[in-house]
Amino acid sequence: MNIIKAYKIRCFPTEEQKLLILKTFGCCRWYWNQALSDNIKYYEKNKKSKINTPASYKKEYEWLKEVDGQALCFTQMDLQSAFSGFFKQPNKGFPKYKSKKYPKNSYKTMIANGFPIDNETIKLPKLGKVKIVNHRHKTGIAKSCTISMTPTNEFYISILWKEDEIDEILPKVDKEIGIDLGLTDLAICSDGTKFPVLQSLRKNLSKLKREQRNLSKMIKGSNNYDRQKLKVARLHQHITNQRKDYLHKISYKITNENQVISLEDLNVKGLLKNHHLALSVADAGWSTFVKMLEYKAKNKGRTVVKIDRWFPSSQICSCCGCITGKKPLYIRKWICPECGGTHDRDYNAAMNIRDCGTRLLAW
Ligand SMILES: [Zn+2]
């Protein structure tokens, strides 16, 4: 449900900012050429390719530290893909040195949490607030930016913008739903739907653990360490995006289809203190999910009811309402001694949560 949009706006850096932008163009070009030439030398000796990280040059060439480090990282990625492109399709041509005479003056940057942008400014790494003309009056958080200069010395920023689906007040529906949050299934709904924790997410998480272990074995400051660190950071980012996308999708669906959404007010912080549960809870992304449900519901005119976490949702029979007592976690199915109804532990809890939400709302 996320739409990535790009748009380009004019910006007006101060003289000081202009200088730093030009320096960044220069550093990116210098790094590209240096890494390219070092890689060629390395290849002639060892018959394999090795691209030095920007960080590995920073000791000797301290001025590299002055500019936005992400810009250099993106240059490294570009160089890497230029090489792998060449190895795959040699007719594409060998990566070329970048000329000072015919420069392509631009650099790309990003930060994990995005760039704050308002009607007049955007905040960029190292540069600080840069004046912009934001005709579209879009404010919020931009994902990544490319800063460029035209041959006529005008400055522009291309912004990649991640937009949520457009939420608007929806016509009322009759359906009410209770959601039980779980670990194997992220959400079990009283209407019978289950949203599992993504298998691909699980796989990536165990991959991340492996890569992090590898990183901890490496010598800090070595080329291998830097490369591994970048790898871990990228995988981390990928997992975050993957989880968010999934949570967006299901919270979008649930808030579209239901008028009242009831769930337990989980004490996630408390759960996180319990080490055994902690990782799975963090993996499942419960708190993010609940936050998404809440703001989407609000924008669509739906209601989220949070039920006290001491409500014994798994102890009550959802048919007759009798309290059947605590059941250990391994019991997945049980029969009510009062009415004889058969219950799946999770659905039963979800139905109780739904009914409790309805009662609370009526009250
Ligand atoms: Zn019963």
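Starting from 1, residues in each chain are numbered consecutively following that chain's sequence as written. With pLDDT at 70 or above as the cut-off, local features in this predicted model cover only qualifying residues; side-chain atom pairs require 80 or more to be listed or tallied, and sums for whole chains, interfaces and linings still use all residues. In computing side-chain properties, one takes all heavy atoms of the structure into account and sets aside hydrogens as well as water.

Enquirer: With reference to specific residues and values, describe the overall build of the protein.
Expert: By the criteria applied, helices consist of DSSP H or I runs no shorter than four residues and strands consist of E runs no shorter than two, each listed in order from the N terminus. Check the secondary structure of the protein and you find nine helices and 13 strands. Relative accessibility decides the category of a residue: with a 1.4 Å probe and only protein chains considered, values under 20% of the type maximum give buried, values over 50% give exposed, and everything between is partly exposed. Taken across its 363 residues, the protein has 40% of its residues classed as buried. For the protein, the share of sequence-separated contacts (at least 6 apart) that also reach a separation of at least 24 residues comes to 66%. Only the protein chains shown count as cover for residues, and the accessible areas themselves come from Shrake-Rupley with a 1.4 Å probe. When the accessible surface of the protein is split by element, carbon and sulfur atoms take 55% of a total near 21,000 Å². Note on contacts: a residue pair is in contact if any heavy atoms of the two residues lie within 4.5 Å.

Enquirer: For the coordination of the zinc ion, give the residues involved together with the corresponding values.
Expert: Each metal's donors are the N, O and S atoms found within 2.8 Å of it, except that Na, K and Ca use a 3.2 Å limit; water is left out, so coordination can look incomplete. Distances from the zinc ion to its protein donors, Cys317 (SG), Cys320 (SG), Cys336 (SG) and Cys339 (SG), fall within 2.3 Å. Sequence positions of the residues that donate to the zinc ion give the spacing C-x2-C-x15-C-x2-C. Classification of Cys336 as buried rests on a relative accessible area of 2%.

Enquirer: Let's hear about the packing of helix H1 (residues 15–46) against helix H3 (residues 69–88): which residues, and what values?
Expert: Between H1 and H3, the least distance of the axes is 10 Å, while the angle of their chain directions is 40 degrees. In terms of axis orientation, H1 runs oblique to H3. In the crossing of H1 with H3, the sense of the turn from one axis to the other is right-handed. Contacts between H1 and H3 involve Thr24, Cys27, Cys28, Tyr31, Trp32, Ala35, Leu36, Asn39 and Tyr43 on the former and, on the latter, Ala71, Leu72, Thr75, Gln76, Asp78, Leu79, Ala82, Phe83 and Phe87. Residues were grouped as follows: Ala, Val, Leu, Ile, Met, Phe, Trp, Tyr, Cys and Pro as nonpolar; Asp, Glu, Lys and Arg as charged; and all remaining residues, including Gly, as polar. For the contact of H1 with H3, a count of residues per class yields 13 nonpolar, four polar and one charged. For helices, the fitted axis covers only the stretch in contact; all axes are lines through C-alpha atoms, and the angles between them, taken along N-to-C directions, range from 0 to 180 degrees. Any angle that falls under 35 degrees is termed roughly parallel, while one over 145 is termed roughly antiparallel, one within 65 to 115 roughly perpendicular, and all others oblique. It is the rotation of the near helix from the far one that decides the hand of a crossing: anticlockwise by less than a right angle makes it left-handed, clockwise makes it right-handed.

Enquirer: Hey, could you go over the nonpolar core for me, with residue numbers and the actual values?
Expert: Counting residues in each nonpolar core, the largest one holds 36 residues, and the members touching the most others are Tyr107, Ile117, Ile122, Leu124, Cys145, Ile157 and Ile159. Among the elements that line this core, the one with the most residues is H1, at nine residues. Dropping the residues within four chain positions of it, Tyr107 is found in contact with Ile21, Thr24, Phe25, Cys28, Asp68, Ala71, Leu127, Cys145, Thr146 and Ile147. Judged by nonpolar contacts, the second largest core, of 19 residues, contains Phe195, Ile261, Leu263 and Leu293. In these notes, a set of buried Ala, Val, Leu, Ile, Met, Phe, Trp, Tyr and Cys residues joined through side-chain atoms within 4.5 Å is what counts as a nonpolar core.

Enquirer: Account for the environment of Tyr156, with residues named and values stated.
Expert: Position of Tyr156 among the secondary structure elements: in strand E6 (residues 155–163). Measuring from C-alpha to C-alpha, the distance between Tyr156 and Phe12 comes to 8.3 Å, with 144 residues separating the pair along the chain. Ignoring anything within four residues of it in the chain, the contact list for Tyr156 reads Lys8, Ile9, Arg10, Cys11, Thr146, Ile147, Ser148 and Thr150. Two N or O atoms form a polar contact when they lie within 3.5 Å of each other; inside protein one atom must be a possible hydrogen donor and the other a possible acceptor, and for residues adjacent in sequence the pair counts only when both atoms belong to side chains. One polar contact links Tyr156 to Glu154, side chain to side chain, over a distance of 3.1 Å.

Enquirer: A description of unusual backbone geometry should follow, citing residues and the corresponding values.
Expert: Of note, Lys47 is a non-glycine position whose phi angle comes to about 60 degrees, a positive value. Along the chain, Lys47 turns up in the loop between H1 and helix H2 (54–58). The backbone phi angle of Lys126 is positive, close to 65 degrees, even though this residue is not glycine. Mapping Lys126 onto the fold places it in the loop between strand E3 (121–124) and strand E4 (128–132).

Enquirer: Before we move on, can you summarise the side chain of Asp346 with the specific residues and values?
Expert: Mapped onto the elements of the fold, Asp346 is located in helix H9 (residues 345–362). In this view, Asp346 contacts Asp180, Ile188 and Arg332; residues no more than four positions away in its chain are not counted.

Enquirer: A description of the packing of aromatic side chains should follow, citing residues and the corresponding values.
Expert: Ring geometry is summarised as follows: Phe, Tyr and Trp rings, the Trp one being its six-membered ring, pair when their centres sit within 6.5 Å, and such pairs are stacked at plane angles under 30 degrees, edge-to-face over 60 and tilted between the two. Within this structure, the stated rule accounts for 12 aromatic pairs. For the ring pair Tyr57 and Tyr61, a centre distance of 6.5 Å and an interplane angle of 50 degrees mean the geometry is tilted. With a relative accessible area of 6%, Tyr57 lands in the buried category. An aromatic cluster is built from Trp30, Tyr31, Tyr57, Tyr61 and Trp63, whose rings are joined through pairwise contacts. The criterion for a charge sitting over a ring is simple: Lys NZ or Arg CZ within 6 Å of the ring centre, and within 35 degrees of the ring normal. Sitting over the ring of Tyr156, Lys8 keeps its end group 5.4 Å from the ring centre. The residue whose ring lies beneath Lys194 is Tyr347, and the NZ or CZ to ring-centre distance is 5.3 Å.

Enquirer: Describe the environment of Ser216, naming the residues involved and giving the relevant values.
Expert: In this fold, Ser216 is placed in helix H4 (residues 199–217). Taking relative accessible area as the criterion, Ser216 reaches 59% and is therefore assigned exposed. C-alpha separation for the pair Ser216 and Gln228, spaced 12 residues apart in sequence, amounts to 9.7 Å. Within polar-contact distance, the side chain of Ser216 engages the backbone oxygen of Arg213 at 2.7 Å.

Enquirer: With reference to specific residues and values, describe the confidence of the model for the protein.
Expert: pLDDT is a residue-level measure of predictor confidence that goes from 0 to 100. Here the protein averages 85 in pLDDT, and 90% of its residues register 70 or above. At the level of individual helices and strands, the protein shows its lowest average pLDDT in helix H6 (residues 268–273), which scores 62, and its highest in H1, which scores 94.

Enquirer: Quick rundown of the sheet that holds strand E11 (residues 303–307)? Include the residues and the values.
Expert: Strands in a sheet are paired, the pairing made by backbone hydrogen bonds, and the direction either parallel or antiparallel. A pair of strands is treated as paired once DSSP finds two or more bridges between them. Ordered in space as E9-E8-E7-E10-E11, the five strands form an open sheet in which the pairing is mixed. Each of the sheet's edge strands pairs with one partner strand only, and the pair in question is strand E9 (194–196) and E11. Between one strand axis and the next, the sheet turns through 20 degrees on average, direction left out of account. Here three bridges tie strand E8 (residues 185–189) to E9, and the two strands are oriented antiparallel to one another. Residue pairing in the sheet places Asp185 in a bridge with Pro196 of E9.

Enquirer: I'd like a description of the pattern of salt bridges, backed by residues and values.
Expert: For side chains of opposite charge, pairing can occur when their charged atoms come near one another. Every case where a carboxyl oxygen of Asp or Glu lies within 4 Å of a side-chain nitrogen of Lys or Arg is listed as a salt bridge. Applying the stated rule across the entire model yields 12 salt bridges. The partner of Lys194 in a salt bridge is Asp185, and the shortest N-O contact between them spans 3.8 Å. Exposure remark for Asp185: the relative accessible area of 15% places this residue in the buried category. Connected via shared salt-bridge partners are Asp265, Glu294 and Lys306.

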